[in-house]
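Survey of secondary and tertiary structure
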Amino acid sequence: MSRWLQVNPDAEEFAKRLQTEGSKVKVEFLVSSYDIPEAVRGSYNKEKDRFVIEFKYIGDEPTKAEPQDNYVTFVIGKNSSRLYRIEIDVKALRVEKVELRMKIKDKVKKTLNNLIQKPINRLRQDNYRLTQKALSEIEDELYSPLL
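Residues numbered from 1 in each chain as written. Predicted model: local features only at pLDDT ≥ 70, side-chain atom pairs only at ≥ 80, totals over all residues. Heavy atoms only, no water.

**Focus: the side chain of Asn127**
- Summarising the element assignment, Asn127 is placed in helix α3 (residues 125-137).
- Of the residues examined, Asn127 reaches a relative accessible area of 1% and is grouped as buried.
- A distance of 3.1 Å separates a polar atom in the side chain of Asn127 from the backbone nitrogen of Leu83.
- Discounting chain neighbours no more than four positions away, the residues touching Asn127 are Asp35, Tyr57, Ser81, Arg82 and Leu83. (Helix = DSSP H or I, 4+ residues; strand = E, 2+ residues; numbered from the N terminus. Buried < 20%, exposed > 50% of the residue type's maximum accessible area, 1.4 Å probe, protein only. Polar contact = N/O pair within 3.5 Å; in protein donor to acceptor, adjacent residues only side chain to side chain. Contact = heavy atoms within 4.5 Å.)

**Observations regarding the sheet that holds strand β8 (residues 83-89)**
- Reading across the sheet, the six strands line up as β1-β4-β5-β8-β7-β6 and stay open at both edges, with antiparallel pairing between neighbours. Either end of the sheet is taken by a strand with one partner, and the two such strands are β1 (5-6) and β6 (63-67).
- Pairing of strand β4 (residues 39-45) with strand β5 (residues 50-56) involves seven bridges; the strand directions are antiparallel. Its bridge partner lying in β5, Ser43 is registered against Val52.
- This element, α3, spans β4, β5 and β8 of the sheet and lies at about 60 degrees to β8. (Pairing = 2+ DSSP bridges. Axes fitted to C-alpha atoms, helices over the stretch in contact; angles between N-to-C directions.)

**As for α3**
- Here α3 is 13 residues long and its end C-alpha atoms lie 19 Å apart, about the 18 Å a rise of 1.5 Å per residue gives.
- If you check which residues of α3 are buried, you get Asp126, Asn127, Tyr128, Leu130, Thr131, Ala134 and Leu135. (Expected span 1.5 Å × (residues − 1).)

Below, the structure written as structure tokens:
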């Protein structure tokens, strides 16, 4: 199992600031610190022939699998719908080792974009965006087990 990579995606850019017209009242909506991943790791599971990306948060909860297509499964929190894992079926992708890393990176980006566009839980859309941002910050090191 690979080590956890610390991430610090800037949740501030997801803050929503509203001001009622003609009013001095400002309302600010911030992303909960419980929705911001603290760390990410990627590993290759030889027994299952899967590349797994895991997200670590404050707190823990039971999870459930949400298959996205023939290659990718999201594992989300049963209560929060936070994204805990992305599992990519390497065998089903049927790619050569040389192109494996690029193919998996592309597949992860595409399915995360789809998740953001059509969220499992629309109230967790910021969590999905933050996980995407966290992945982009450390993607070279994250996908290193595929070399």
